[in-house]
Amino acid sequence: MLCVHESNRKDWAKIQNGVIKLHPYCNKCGTLKNVSSDRGKKISYFVMVLSRLRKILKKRGYKVSETQIRLIVRELSEIEGFDDVWCITFSKQKEIFIRTIQKYVRVSKEFLESVI
Ligand SMILES: [Zn+2]
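Undergrad: Could you give me a rundown of the coordination of the zinc ion, with the residues and numbers involved?
TA: Donor atoms from the polypeptide that bind the zinc ion are Cys3 (SG), His5 (ND1), Cys26 (SG) and Cys29 (SG), placed at 2.1 to 2.3 Å. When the donor residues of the zinc ion are listed from N- to C-terminus, their spacing reads C-x1-H-x20-C-x2-C. The exposure class of Cys26 is buried, given its relative accessible area of 1%.

Undergrad: So what about the packing of aromatic side chains? Which residues, and what values?
TA: Two numbers describe a pair of aromatic rings. These are the distance of the centres and the angle of the planes. What the rule picks out here adds up to five aromatic pairs. Arranged with centres 5.8 Å apart and planes meeting at 75°, the rings of Tyr45 and Phe90 form a pair that is edge-to-face. Taken together, the residues span a long stretch of sequence, with Tyr45 in helix H1 (residues 43-59) and Phe90 in helix H3 (residues 90-104) at a distance of 45 residues. Sitting over the ring of Tyr45, Lys41 keeps its end group 5.0 Å from the ring centre. Just above the ring of Phe90 sits the side chain of Lys41; from NZ or CZ to the centre is 5.1 Å.

Undergrad: How would you explain the pattern of salt bridges if you had to name every residue and give the values?
TA: Within this structure, the stated rule accounts for six salt bridges. In this structure, Lys42 and Asp83 form a salt bridge, with 3.8 Å as the shortest nitrogen-oxygen distance. Here Asp83 lies in the loop between helix H2 (66-78) and H3 and Lys42 lies in the loop between strand E2 (20-25) and H1, a separation of 41 residues in the sequence. By relative accessible area, which is 45% here, Lys42 ends up partly exposed. Judged by relative accessible area, which is 25%, Asp83 ranks as partly exposed. A salt bridge links Glu113 to Lys109, with the shortest nitrogen-to-oxygen separation between them at 3.3 Å. Of the two residues, Glu113 and Lys109 both sit in helix H4 (residues 109-115), four residues apart, roughly one turn of that helix. Classification of Lys109 as partly exposed rests on a relative accessible area of 43%. What emerges from the salt-bridge pattern is a single network uniting Lys92, Glu95 and Arg99.

Undergrad: Quick one: what's the story with the environment of Val115, residue by residue and with numbers?
TA: Following the sequence through the fold, Val115 ends up in helix H4. What Val115 contacts, discounting residues up to four positions off in sequence, is Val49, Arg52, Leu53 and Ile56.

Undergrad: How would you sum up the packing of H1 against H2? Please name residues and give values.
TA: At a closest axis distance of 11 Å, the pairing of H1 and H2 adopts a crossing angle of 155°. In terms of axis orientation, H1 runs roughly antiparallel to H2. Like other packed secondary-structure pairs, H1 and H2 cross with a definite hand, here right-handed. Along the contact surface, H1 presents Ile43, Val47, Leu50 and Arg54, while H2 presents Glu66, Ile69, Ile72, Val73, Leu76 and Ser77. For the contact of H1 with H2, the residue count by class is seven nonpolar, one polar and two charged.

The rules behind the values
Residues numbered from 1 in each chain as written. Predicted model: local features only at pLDDT ≥ 70, side-chain atom pairs only at ≥ 80, totals over all residues. Heavy atoms only, no water. Donors = N, O, S within 2.8 Å, 3.2 Å for Na, K, Ca; no water. Buried < 20%, exposed > 50% of the residue type's maximum accessible area, 1.4 Å probe, protein only. Phe/Tyr/Trp six-rings, centres within 6.5 Å; stacked < 30°, edge-to-face > 60°. Helix = DSSP H or I, 4+ residues; strand = E, 2+ residues; numbered from the N terminus. Lys NZ or Arg CZ within 6 Å of the ring centre and 35° of its normal. Salt bridge = Lys/Arg side-chain N within 4 Å of Asp/Glu carboxyl O. Contact = heavy atoms within 4.5 Å. Axes fitted to C-alpha atoms, helices over the stretch in contact; angles between N-to-C directions. Parallel < 35°, antiparallel > 145°, perpendicular 65-115°, else oblique. Left-handed = near helix turned anticlockwise from the far one by under 90°. Nonpolar A, V, L, I, M, F, W, Y, C, P; charged D, E, K, R; others polar.

This is the structure in structure tokens:
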């Protein structure tokens, strides 16, 4: 089961650019909270992107079926930690999202990046 993170403690931790900063971490599982500006989003955001993507592709004559969309959403929701906004970064989510879409829909990474 996923941890419902909570924190009332902070610890010193290194952040990406080498600056040491006080970081909140989860009391229960110890996961460090992502406090960068690269914040993750809930899965509903990606569901919305998928429907936008579908519309754009339809205009270009490429039909994406309901089933394909459902499979992508199901796969994303089964990836542990995908929408754990406590710690995941948006960059990491985008990477997973693009990789997952490409399993079901034949579109380029560049195109997907322009839509997300
Ligand atoms: Zn936790």
